[in-house]
Amino acid sequence: LTVQDELDLLKNYMKIQLIRFGDWLDIVYECEEQLLTCHTIKLILQPLVENAIHHGMREDGMLHIIVRIYQKERCLIMEVADDGRGIPEEKLKRLRSEIRDSQEGFGLINVDIRVKLHYGEQYGINIESREGQETKVTVYLPVE
């Protein structure tokens, strides 16, 4: 499907989440227009945003999510960033290891496995986080 189709799937999912969480959730989409017709595999963004909501939501305030899609050199980059709870350093190390070792059972890992199977080992997910502040998950894909 196209990047536009992938964004549309995410926006439909977010309609439900915005009804569910109301004033506690805000999402912004930033996509380079020329990338909307590029092709990708489906359901890359939804699991990332779902994780951001599930793991980032704070009890004491709003969660802001930014979905960015841009090109850097020959890579199509899909990024989901939030200003939520962040990930403790030890848990982040373990999560990165699980993704690297392709263990099954988690949304992020499943996305990484599907990307690598479809496009090759040089593509996949990277996670950055600062506990109590933010998390950013970046997916690297070839431009198609």
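Before any of the text, the structure's been laid out above.
In short, a report on the structure. Given the structure is predicted, the values throughout are model-derived calculations rather than measurements.

Procedures and definitions
Position numbers for residues count from 1 along each chain, tracking the sequence in the order it is written. Reporting in this predicted model follows two pLDDT cut-offs: at least 70 for local features of residues, and 80 or more for side-chain atom pairs to be given and counted; totals over whole chains, interfaces and linings ignore these cut-offs and use all residues. Calculation of side-chain values draws on the structure's entire complement of heavy atoms; hydrogens and water are dropped beforehand. Helix numbering and strand numbering both begin at the N terminus, where a helix is a DSSP run of H or I of at least 4 residues and a strand a DSSP run of E of at least 2. The cut-offs for exposure are 20% and 50% of the maximum accessible area for each residue type, with area from a 1.4 Å probe on protein chains only; residues under the lower value are buried, those over the upper are exposed, and the others partly exposed. Charge assignment in this entry is limited to Lys and Arg as positive and Asp and Glu as negative, and neither His nor the chain termini are counted. When a carboxyl oxygen of Asp or Glu lies within 4 Å of a side-chain nitrogen of Lys or Arg, that pair is called a salt bridge. Here a polar contact means two N or O atoms within 3.5 Å. Within protein one must be a hydrogen donor candidate and the other an acceptor candidate, and residues neighboring in sequence count only if both atoms are side-chain atoms. By definition in these notes, contact holds between two residues if any of their heavy atoms fall within 4.5 Å. A 1.4 Å probe that fits into a set of points on a 1 Å grid over the protein atoms alone but cannot get out defines a cavity; an open set with protein on both sides within 12 Å along at least five of seven lines defines a pocket, and lining residues are those with an atom within 4 Å of a point. Grid points are joined across faces, edges and corners, and a volume is the space filled by probe spheres set on the points. Each residue gets one label: Ala, Val, Leu, Ile, Met, Phe, Trp, Tyr, Cys and Pro are nonpolar, Asp, Glu, Lys and Arg are charged, and the others, such as Gly, are polar.

## What about the side chain of Asp82?
Relative to the assigned elements, Asp82 resides in strand β3 (residues 75–82). Although buried, Asp82 forms no salt bridge, and the nearest oppositely charged side chain, Arg58, lies 6.9 Å from it. At 2.8 Å, the side chain of Asp82 and the backbone nitrogen of Gly84 are in polar contact. Dropping the residues within four chain positions of it, Asp82 is found in contact with Ala52, Gly56, Leu63, His64, Ile65, Gln133, Glu134 and Thr135.

## Section: the layout of surface pockets
By volume, the largest pocket is sized at about 450 Å³. Lining the largest pocket we find 20 residues, and of these His55, Ile87, Lys91, Leu95 and Leu108 sit closest to its centre. Broken down by element, the residue count for the lining of the largest pocket peaks at five residues, all from helix α2 (residues 45–56). Tallied by class, the residues present in the lining of the largest pocket amount to nine nonpolar, six polar and five charged.

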